[in-house]
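Descriptive analysis of the structure
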Amino acid sequence: MEPPGNDVVTVESAEKIILRWDSTASEDAREKMIFAGDRHEIDRYLSAVDEIQRSMESATLSDDQNKANSAIQIAMARLEDEFRNILIAHTTPIEAESLTDTCHEDYDDDSPLTKDLEHQESNSSCSYRSTNSIREIDLMPSDAIYDLRCIAERMILAGYLRECIQVYGSVRKSAVDSSFRRLGIEKLSIGDIQRLEWETLETKIRRWIRAAKLCVRILFASEKKLCEQIFDGLGNAIDDACFMETIKGPAIQLFNFAEAISISRRSPEKLFKILDLHDALSDLLVDIEIVFDSKSSESIRIQAVEILSRLAEAARGILSEFENAVLREPSKVPVPGGTIHPLTRYVMNYISLISDYKQIMSELIVSKPSIGSRYSSDPNTPDMDFTELESQTPLELHLIWIAVILQFNLEGKSKCYRDTSLAHLFMMNNVHYIVQKIKGSPELREMVGDDCLRKLTGKFRQAAINYQRSTWVNVLHCLRDEGLHVKGSFSSGVSKSVLRERFKTFNAMFEEVHRTQSTWLIPDTQLREELRISVSEKLIPAYRSFLGRFRSHIESGRHPENYIKYSGEDIENAVLDFFEGYQVSQHIRRRSQ
């Protein structure tokens, strides 16, 4: 070790210099710091320490050794104080206003984080050194680093390695803790985290993802760089020991949050935040391996990998449990008016979100839905032949399976309606909603595939046909000619009594359909209009024709208004009330007054 300056210092003068700066014996020494003074005084003190250390190697008399030992102990105590003071004087936490909801995660030029780092650069001569995604900051100016290295070199040579590491670690860990507080990283145990309400956790997860990127790529990476600048080459992995002394606790604290989420109770609403966590941690894994690349930091690397694995398992488990929940969802209370069931909206919004996570979910979901022989005789589970879908990925099969079991569950719920027509309308509404949600998401449509979409489209169209048959066959049956004509030379050829009964039956049946089905609801405007048109195309021409052929037979008799209550226009206008969810049927009520 070469003296820092050109001054030649004898053993005697070295001892005097060291004793002059003994803070236990001098008030002046207690009030002043060597490394806060001029460079010449700093170099003289370091040269004095070097001389004492050399004298210890050549000392032969016990008195000389004792004097040298005493001097070196005083010097090490002093250098330890100087070391701590320099660290504290140049320690400031990384500012991070970036963890607000407006933060840009990718650290673009306009992000609060970038502006904050630029501010730090101007205050402490910071500069970037990019390694993959890592952004290392020079946490201290070069002259401070030089002084710290000078002190560390002498403390280590004198056998004060442990003291040096402890001082360094305590000061720098305090700085990291301060940065953590500014980043909103709380000191919570795994149990504390698992007891939080999910709504609170969602916010914390968003903040954690941003904070984790900042910590790994900037905070921890910069701390590692600082350790290398000060300690590299001074001994066997001393820089790594100082690094771990500084950040092991904070790193464990950071990753414990993700670990708590990975082992928490599973529920469907957690899936997407778990996927966000998995995606963020997966993206960080390469950087974690770079920053924590030593043997002593292996536990942190292992923890990150294990958390990633548990998050993946949690995502798979949630999807499986979600499928089972959709299949077994027990509610049997019919939704009013046959409209879209809340389960349908929830499930389709859910799988639409899954499709937004297509890339990550495709990596995690590698096996098809767990159905097959064990379900083959289960009447509570739909049949599905996966051999027809061999070209689909496992994730795509899961989404198709969810659509199938949702439809199966809805069919069970439709049986709760006493009115068969309403049951068919309910199925039409809900399967149509499923189809529209699939069509409305390009990702979901691609994943479900055209074959499945065609089958679902066929299902809701068949439900519409079934509704029309169950509702209108009997109504239209009143408008048939069969049974109206009678034979006999004195007869007009039409039985007026049968005809009057036909009109009365038609009126009663149509009024009842109108009364009930004006309270039914088709929320989709286009589907509602299409079904009205389809009903009108069958009903209106049939009624007009019947009225045209037989009106005269009723009007020639007594009280024709009791039988011919509606014109073709009345019927046409009344159909406009259908499926609006009205409680009062305007057209029929007005006509009846």
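For the structure itself, consult the block above.
Here we summarise the structure given alongside this text. Note that this is a predicted model, so its numbers are computed, not measured. (Residues numbered from 1 in each chain as written. Predicted model: local features only at pLDDT ≥ 70, side-chain atom pairs only at ≥ 80, totals over all residues. Heavy atoms only, no water.)

1. Some points on the overall build of the chain
Threshold: Labels follow the DSSP assignment, with helices taken as runs of H or I lasting at least four residues and strands as runs of E lasting at least two, numbered in each case from the N terminus. Residue exposure (1.4 Å probe, protein chains only): buried if accessible area is under 20% of the type maximum, exposed if over 50%, otherwise partly exposed. Contact definition: two residues touch when any of their heavy atoms are within 4.5 Å. For the accessible areas, the method is Shrake-Rupley and the probe is 1.4 Å, while residue cover comes only from the protein chains on display.
From N to C terminus, the chain includes 22 helices and 2 strands. In the chain, which comprises 593 residues, the share counted as buried stands at 50%. Within the chain, contacts between residues at least 6 apart in sequence are counted, and of these 79% link residues at least 24 apart. Total accessible area computed for the chain in this model is approximately 28600 Å², and 49% of it derives from carbon and sulfur atoms.

2. A look at empty space enclosed by the protein
Where empty space is left becomes clear once a probe the size of a water molecule has been rolled over the atoms. This is how the line gets drawn: The rule is simple: put a 1 Å grid over the protein atoms alone, call a set of points where a 1.4 Å probe fits but cannot get out a cavity, call an open set with protein on both sides within 12 Å along at least five of seven lines a pocket, and count a residue as lining if it has an atom within 4 Å of a point. Grid points are joined across faces, edges and corners, and a volume is the space filled by probe spheres set on the points. Residues are sorted three ways: Asp, Glu, Lys and Arg are charged, Ala, Val, Leu, Ile, Met, Phe, Trp, Tyr, Cys and Pro are nonpolar, and all the rest, Gly among them, are polar.
Applying the stated criterion to the full structure yields 1 cavity of 30 Å³ or more. When its volume is computed, the largest cavity comes out at roughly 40 Å³. Along its surface, the largest cavity is lined by Arg500, His553, Ile554, Gly557, Arg558 and Tyr563. Each residue belonging to the lining of the largest cavity can be placed in one class, and the counts come to 2 nonpolar, 2 polar and 2 charged.

3. Structural notes on the nonpolar core
Where we set the bar: To form a nonpolar core, buried Ala, Val, Leu, Ile, Met, Phe, Trp, Tyr and Cys residues must be joined to one another through side-chain atoms within 4.5 Å.
In this structure, Phe83, Trp208, Phe220, Phe231 and Ile354 are the most contacted members of the largest nonpolar core, which totals 178 residues. In terms of residue count, the dominant contributor to this core is helix H9 (residues 198-231) (18 residues). Those residues in contact with tryptophan 208 that lie beyond four places of it in its chain are Leu254, Phe255, Phe257, Ala258, Leu277 and Leu281.

4. Points about the packing of helix H6 (residues 142-157) against helix H7 (residues 161-183)
Note the threshold: The convention used is that axes are lines fitted to C-alpha atoms, helices contributing only their stretch in contact, and that angles between N-to-C directions extend from 0 to 180 degrees.
Running from N to C, H6 and H7 cross one another at 145°; their axes reach a closest spacing of 7 Å. On H7, the residues that touch Ala152, Met155 and Ile156 of H6 are Leu161, Glu163 and Cys164. Taken together, the residues that form the contact of H6 with H7 break down as 5 nonpolar, no polar and 1 charged.

5. Describing the layout of surface pockets
Considering only enclosed or pocket space, the largest pocket measures out at about 420 Å³ in volume. For the largest pocket, the lining is made up of 17 residues, of which Asp383, Met384, Ile400, Val404 and Lys455 are closest to its centre. The greatest single-element share of the lining of the largest pocket, amounting to 6 residues, is contributed by helix H15 (residues 394-414). For the lining of the largest pocket, a count of residues per class yields 9 nonpolar, 1 polar and 7 charged.

6. As for the packing of aromatic side chains
Aromatic rings considered in pairs are described by the distance between their centres and by the relative angle of their planes. The condition is simple: To pair, rings of Phe, Tyr and Trp, with the six-membered ring standing in for Trp, must have centres within 6.5 Å; the planes then decide the type, stacked if under 30 degrees apart, edge-to-face if over 60, and tilted in the middle. Lysine and arginine charges are scored as sitting over a ring when NZ or CZ, respectively, is within 6 Å of the ring centre and within 35 degrees of the ring normal.
Evaluation of the coordinates by the stated rule reveals 21 aromatic pairs. For the pair phenylalanine 510 and phenylalanine 578, a centre-to-centre distance of 6.2 Å together with 35° between the ring planes defines the contact as tilted. Of this pair, phenylalanine 510 sits in helix H19 (residues 496-517) while phenylalanine 578 sits in the loop between helix H21 (568-575) and helix H22 (586-592), and the two are 68 residues apart along the sequence. Neither residue differs from the other here; phenylalanine 510 and phenylalanine 578 are each classed as buried. In this structure an aromatic cluster arises from ring pairing among Tyr467, Trp472, Phe506, Phe510, Tyr543, Phe578 and Phe579. Its guanidinium or amino end placed over the ring of tyrosine 563, arginine 500 lies 6.0 Å from that ring's centre, counting from NZ or CZ.

7. Remarks on the packing of H6 against H9
The line we're drawing: Oblique is the label for any angle not covered by the other classes, which are roughly parallel (under 35 degrees), roughly antiparallel (over 145) and roughly perpendicular (65 to 115).
Two elements in contact, H6 and H9, have axes separated by 8 Å at closest approach and are oriented at 60°. Regarding the angle of H6 to H9, the classification is oblique. Across the interface between the two elements, Ile145, Leu148, Arg149, Ala152 and Ile156 of H6 pack against Leu226, Glu228, Gln229, Ile230 and Phe231 of H9. Looking at side-chain class alone, the contact of H6 with H9 contains 7 nonpolar, 1 polar and 2 charged residues.

8. Considerations on helix H16 (residues 420-440)
Formally: To estimate how far a helix should extend, the number of its residues minus one is multiplied by 1.5 Å. Each polar contact in these results corresponds to two N or O atoms within 3.5 Å; when the atoms are within protein, one needs to be able to donate a hydrogen and the other to accept it, and residues that are neighboring in sequence are counted only if both atoms are side-chain atoms.
A rise of 1.5 Å per residue sets the reference length of H16, with its 21 residues, at 30 Å; its end C-alpha atoms lie 30 Å apart and thus fit the reference within 8%. Taking burial as the measure, the 21 residues of H16 include 15 buried ones, the bulk of the element. Of the residues that open H16, the one with a side-chain oxygen 2.8 Å from the backbone nitrogen of serine 421 is aspartate 419.

9. Quick look at the environment of asparagine 380
On the secondary structure map, asparagine 380 appears in the loop between helix H14 (358-364) and H15. Overall, asparagine 380 belongs to the partly exposed group, its relative accessible area being 49%. Remark: the alpha-carbon pair of asparagine 380 and asparagine 409, spanning 29 residues in sequence, is separated by 9.0 Å. Non-local contacts of asparagine 380, meaning those with residues more than four positions away in its chain, are made with Leu327, Arg328 and Phe408.

10. Focus: the side chain of glutamate 82
With respect to the helices and strands, the residue glutamate 82 is situated in helix H4 (residues 62-89). For glutamate 82, the contacting residues outside a window of four places in its chain are Met33, Ile34, Phe35 and Ile151.

11. Quick look at the pattern of salt bridges
Using the following cut-off: Salt bridges are identified by distance alone: a Lys or Arg side-chain nitrogen within 4 Å of an Asp or Glu carboxyl oxygen.
Enumeration according to the criterion identifies 36 salt bridges in this entry. The partner of lysine 565 in a salt bridge is glutamate 511, with the nearest N and O atoms 2.9 Å apart. Taken together, the residues lysine 565 in the loop between helix H20 (525-555) and H21 and glutamate 511 in helix H19 connect sequence positions 54 residues apart. With a shortest N-O distance of 2.7 Å, arginine 515 and glutamate 512 are connected by a salt bridge. Of this pair, arginine 515 and glutamate 512 both sit in helix H19, 3 residues apart, roughly one helical turn. Overall, arginine 515 belongs to the partly exposed group, its relative accessible area being 48%. Classification of glutamate 512 by relative accessible area gives partly exposed; the value is 38%. One network of salt bridges, in which partners are shared, links Arg528, Glu529, Arg532 and Glu580.

12. Quick notes on helix H13 (residues 342-356)
Owing to its 3.6 residues per turn, the α-helix brings residues three or four apart onto one side. Between its first and last C-alpha, H13 extends 21 Å over 15 residues, near the 21 Å set by a 1.5 Å rise per residue. Within H13 the residues assigned to the buried category are Leu343, Thr344, Val347, Met348, Tyr350, Ile351, Ser352, Ile354 and Ser355. If you follow the buried residues of H13, they end up packed against helix H11 (271-291), helix H12 (298-328), H14, H15, H16 and helix H17 (442-448).

13. Topic: the side chain of aspartate 287
Tracing the backbone through its elements, the reader meets aspartate 287 in helix H11. Within the structure, the side chain of aspartate 287 is placed 2.8 Å from the side chain of arginine 217, a separation counted as a polar contact.

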